[in-house]
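Chain and residue survey
The residues making up each chain are set out below.
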Amino acid sequence: IVILVVFSKLLTLDLLFKSSKYYDWFQTDHLVTIVIYTKQKDMNAELVIVDCQDKRLRGEIIMDDHSYLVEVVNIAEKVGKVEIILNKKDNIHWKILGQPWEGHNTFIKRTDRGLFYRKCRLVSKTEVTHDTKLFCLMLPKGTHLCVPTGQHVYLKQIIAGTEVVKPYTPVLPFLPLDFQEPPRHDGVHIYLMIKIYSCGLFTQALDHLQIGDYIFVSNPEGNFKKSQVQTSEDLILLAGGTGFTPMVKLLNFALTEVSCVRTVKLIFFNKTEDDILWRNQLEQLALKDKRFDVQFILSQPTKDWVGKQGKISSSLLSEFVKRSRRDSRVLICICGPAPFTEQGVQYLKDLGYSQEEIHAFTA
Ligand code: FAD
Ligand code: NAP
């Protein structure tokens, strides 16, 4: 099956929807093609989420704050492999695509769609610091899912007989340093950098997962828009602890795909030196790319720390948050413990930055 998402100039969404002519399907001996017509100009792989498991096909297309769904069960015949292209297993003529299922052929607000989870396998678990690990999860064969920059997913586990759900922000396997391969956007692996809390309900259970065990991963969510970065000349990232996670893809995106970006600065707040995530990689990136600069600030340093010390404050921010030119277009992103983020936003506003120049990652 090939799922084609087509930008249609001829039909409006309303017309398509009223006539139920949103999607169509046809076949050759080896392939079934589902065509979905959208009015969206900037369609890309991140806006298409496909799951094909257990004779159920679910194709979700994200259109701004709406979601269109093709969802059929008892999919007519066997399917070989799903990426966006699904190959027919047997060379048989399909009379129907499948039986329409719950949300089939609906175009509704994304927030009304509800989360869809698929079962992913834990393929590796590596230490980042004394309490933080990088988990690599593998999506099932029949799934195509790319988590957009600035968005998070929900993980779901059954803990002591109860379903528990927590949000996590996917990162890349490493920062864009040229001696390594470019980060994989293979649509198969999801990397999560997660701090294990000694009394944490979810993270303790996560830490006890063995390689090969399964965990449920949801569709992406979040209100960050890449276009916010695409027009920025100065990108300033304020991170507290694991609030670093959304900054990873943001950094990569700005430095590798945004031509107007002149400077990217990360101001990274941690308790101690041992808590700094990917310190080595960040320092190497700063050496490699002159546009990038990192400043570590510790709130509980040992006495041999020669770097900056303190908590997020107006005076620290006025020292480090600056435009590279007087009239630079700036975007400041902030993420960390809720009070850290709330105070940070207030200090930035007090320093004269506008609402449009600030993006806070919150729950
Ligand atoms: P709980 O059982 O809820 O708490 C137990 C103890 O752990 C608390 O008493 C406290 O000491 C500590 N603790 C728990 N939660 C927090 C917290 N939020 N802040 C400070 N201390 C806490 N975490 C990551 O490690 N990586 C991520 O990529 C990530 N992304 C997130 C994205 C979003 C949108 C949000 C809202 C949160 C994100 N988190 C992330 C935090 C994560 O969702 C959980 O809150 C965290 O893993 C703790 O869960 P727990 O069940 O183990 O702890
Ligand atoms: P942490 O190690 O406890 O703290 C990191 C830094 O923030 C430390 O310097 C700490 O200083 C400072 N800090 C903590 N509380 C503060 C407060 N009330 N005011 C000012 N500074 C404060 O952080 P963590 O355990 O990694 O937690 C990271 C947080 O980020 C979690 O709450 C997580 O939910 C959140 N997060 C959110 C998202 C999202 O997208 N919304 C994504 C990832 C993570 P002191 O404690 O020494 O004061």
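Just so you know, these numbers come straight off a predicted model, no measurement behind them.

Inspection of the region around ligand 1 gives 18 residues, with K166, P167, Y168, L201 and T203 positioned closest. A distance of 2.7 Å separates an oxygen atom of ligand 1 from a polar atom in the backbone of P167. Contact distances for ligand 1 include 2.8 Å between an oxygen atom and a backbone N or O atom of F202. When ligand 1 sits alone it has 910 Å² of accessible area, and the protein chains cover 64% of it.

Taken together, 22 residues lie around ligand 2, and K195, Y197, S299, Q300 and K311 are the ones closest in. Contact between ligand 2 and K195: an oxygen atom at 2.8 Å from a side-chain N or O atom of the residue. Protein burial of ligand 2: of its 920 Å² of free accessible surface, 76% is covered by the chains. At the level of elements, β20 (263–270) and α8 (338–350) are the ones that each hand at least two residues to the shell around ligand 2. Broken down by element, the residue count for the shell around ligand 2 peaks at 3 residues, all from α8. Residue composition of the shell around ligand 2, by class: 7 nonpolar, 12 polar and 3 charged. Each of domain 2 (117–221) and domain 3 (226–360) accounts for three or more of the residues forming the shell around ligand 2.

The parallel open sheet is built from 6 strands, whose spatial order is β22-β21-β20-β19-β23-β24. Among the strands making up the open sheet, the edge pair consists of β22 (308–309) and β24 (358–360). Direction of pairing for strand β19 (residues 234–240) relative to β20: parallel, over a ladder of 7 bridges. Looking at β20, one finds that A239 is bridged to F268. Here helix α6 (residues 279–288) sits on the sheet and contacts β20 and β21 (292–298); the angle it forms with β21, its principal contact strand, is near 145°.

What follows deals with a positive patch on the surface. On the surface, a cluster of positive charge is contributed by K55, K78, K89 and K141. Following the sequence through the fold, K141 ends up in the loop between β12 (132–138) and β13 (143–144). We classify K141 as exposed; its relative accessible area is 78%.

A few words on the environment of D112. Here D112 is to be found in helix α2 (residues 110–113). Since its relative accessible area comes to 57%, D112 is described here as exposed. It is 8.9 Å that separates the C-alpha atoms of D112 and S67, two residues lying 45 residues apart in sequence.

Attention now goes to the UniProt feature "binding site: FAD" (unreviewed entry) in the chain. With numbering aligned to this structure, UniProt lists the feature "binding site: FAD" (unreviewed entry) at P167, Y168, K195 and T245. The greatest C-alpha distance among the residues just named is 12.5 Å, despite their covering 79 residues of sequence, which places them together in space. The topology assignment puts P167 in strand β15 (residues 162–168). If near-sequence neighbours (up to four positions away) are discounted, P167 is found in contact with H152, V153 and Y154. Topologically, T245 is positioned in helix α5 (residues 245–257). Residues contacting T245, with those up to four places away along its chain left out, are T169, P170, V171 and M193.

Right, let's get into the nonpolar core. Side chains of a nonpolar character, in soluble globular proteins, are inclined to be buried together. Formed by 41 residues in total, the largest nonpolar core has its most connected members in F244, M247, L266, L282 and F292. Those elements that place two or more of their residues in this core are β12, β17 (189–195), β19, α5, β20, α6, β21 and β23 (330–335). Take this core: its biggest share by element is 7 residues, from α5. Each of two domains, domain 2 (117–221) and domain 3 (226–360), supplies a minimum of three residues to this core. Ranked by size, the runner-up nonpolar core spans 22 residues in total, among them Y168, I190, I215 and V217.

With that settled, consider the pairing of β15. Bridging between strand β14 (residues 153–159) and β15 involves 7 bridges; their strand directions are antiparallel. In the strand pairing of β15, Y154 is matched with P167. Connecting β14 to the antiparallel partner β15 that follows it, the hairpin turn spans 2 residues, and A160 within it adopts a positive phi of roughly 50°.

Rules and cut-offs
Residues numbered from 1 in each chain as written. Chains lettered and ligands numbered in written order. Predicted model: local features only at pLDDT ≥ 70, side-chain atom pairs only at ≥ 80, totals over all residues. Heavy atoms only, no water. Near = heavy atom within 4 Å. Polar contact = N/O pair within 3.5 Å; in protein donor to acceptor, adjacent residues only side chain to side chain. Areas by Shrake-Rupley, 256 points an atom, 1.4 Å probe, with all protein chains shown as cover. Helix = DSSP H or I, 4+ residues; strand = E, 2+ residues; numbered from the N terminus. Nonpolar A, V, L, I, M, F, W, Y, C, P; charged D, E, K, R; others polar. Domains from an automatic or database assignment. Pairing = 2+ DSSP bridges. Contact = heavy atoms within 4.5 Å. Axes fitted to C-alpha atoms, helices over the stretch in contact; angles between N-to-C directions. Patch = residues over 30% accessible without salt bridge, like charges linked within 9 Å, V, L, I, M, F, W, Y side chains within 5 Å. Salt bridge = Lys/Arg side-chain N within 4 Å of Asp/Glu carboxyl O. Lys, Arg positive; Asp, Glu negative; His and termini not counted. Charge placed at Lys NZ, Arg CZ, Asp CG, Glu CD. Buried < 20%, exposed > 50% of the residue type's maximum accessible area, 1.4 Å probe, protein only. UniProt positions renumbered as here; feature names shortened; annotations may be inferred. Core = buried A, V, L, I, M, F, W, Y, C linked by side-chain atoms within 4.5 Å.

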